[in-house]
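# Commentary on secondary and tertiary structure
Spelled out from the first residue to the last, the chains are:
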Amino acid sequence: MFPLPLILLSALVLLAAGRDLAERTIPNRFIGLALLCALGAHLLAGSPPWYPLAGLATGLLLFLPLYLAHGMGAGDVKLMAAVGTFAGPVLALQIALATCIAGGAVSLGFLTAPRANRHSTMPYAPSIAIGTLAVLAFTVKPA
């Protein structure tokens, strides 16, 4: 059985990816609810209190430079912070790396699609979802 925070994390990234694809936005209330769920899930799982906070800081700090360089939206950075809150600092680092690889592959497809508008922005939550689910599939073993 997988730990509760990681089950909820899988649902979070899939919902965020769907929303980002459909509306090109990830609402703040969605991220806020995700953060509360992550903290509650870690509390129920008996994680040390610093663990989800360290994950939040890891996710936030890894993608914040991309936002500051205008390469990513604020919602994507906040989503990665929420992912880190669920996953913890070590998995957040792995997920960020896998997300960058997925994002590169998705962007190539986005730019080479027949009707690609090179002036439009690419929704990045699907790449975060792909990176997250890949890391969970290959690194987390059921108990």
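Description of the structure in this document. (Residues numbered from 1 in each chain as written. Predicted model: local features only at pLDDT ≥ 70, side-chain atom pairs only at ≥ 80, totals over all residues. Heavy atoms only, no water.)

For the protein chain, the count of helices and strands is 6 helices and 0 strands. Put simply, the protein chain runs from its N terminus to its C terminus through helices and strands in the order α-α-α-α-α-α. Taken over the C-alpha trace, the protein chain has a radius of gyration of 15 Å; the compact-globule value for 143 residues is 15 Å, and the two agree within 12%. With respect to the principal axes defined by its C-alpha atoms, the protein chain has extents near 50 × 25 × 25 Å. If you take every contact in the protein chain between residues at least 6 apart in sequence, the share linking residues at least 24 apart comes to 75%. Just so you have it, the protein chain exposes about 7900 Å², and 73% of that area is on carbon and sulfur atoms. (Helix = DSSP H or I, 4+ residues; strand = E, 2+ residues; numbered from the N terminus. Rg over C-alpha atoms; globule rule 2.2 N^0.38 Å. Contact = heavy atoms within 4.5 Å. Areas by Shrake-Rupley, 256 points an atom, 1.4 Å probe, with all protein chains shown as cover.)

Attention shifts here to the pattern of salt bridges. Summed over all chains, the structure comprises 1 salt bridge. We note a salt bridge from Arg 19 to Glu 23, for which the minimum N-O separation is 3.0 Å. Of this pair, Arg 19 and Glu 23 both sit in helix 1 (residues 4-23), 4 residues apart, roughly one helical turn. Overall, the relative accessible area of 47% leaves Glu 23 in the partly exposed class. (Salt bridge = Lys/Arg side-chain N within 4 Å of Asp/Glu carboxyl O. Buried < 20%, exposed > 50% of the residue type's maximum accessible area, 1.4 Å probe, protein only.)

We now examine helix 6 (residues 125-139). Between its first and last C-alpha, helix 6 extends 21 Å over 15 residues, near the 21 Å set by a 1.5 Å rise per residue. On the buried face of helix 6, the contacting elements are helix 1, helix 3 (50-68), helix 4 (74-87) and helix 5 (89-112). (Expected span 1.5 Å × (residues − 1).)

Looking now at the packing of aromatic side chains. Overall, the coordinates contain 2 aromatic pairs when judged by the stated rule. Relative to Tyr 51, the ring of Trp 50 lies with its centre 5.7 Å away and its plane at 75 degrees, an arrangement referred to as edge-to-face. Classification of Tyr 51 by relative accessible area gives partly exposed; the value is 25%. A ring pair is formed by Phe 63 and Tyr 124, whose centres lie 6.3 Å apart and whose planes are at 65 degrees; its orientation type is edge-to-face. With Phe 63 in helix 3 and Tyr 124 in the loop between helix 5 and helix 6, this residue pair connects regions lying 61 residues apart in the sequence. Across the pair, exposure class does not vary: Phe 63 and Tyr 124 are buried alike. (Phe/Tyr/Trp six-rings, centres within 6.5 Å; stacked < 30°, edge-to-face > 60°.)

From the geometry alone we can't say anything about function, so treat these as descriptive.
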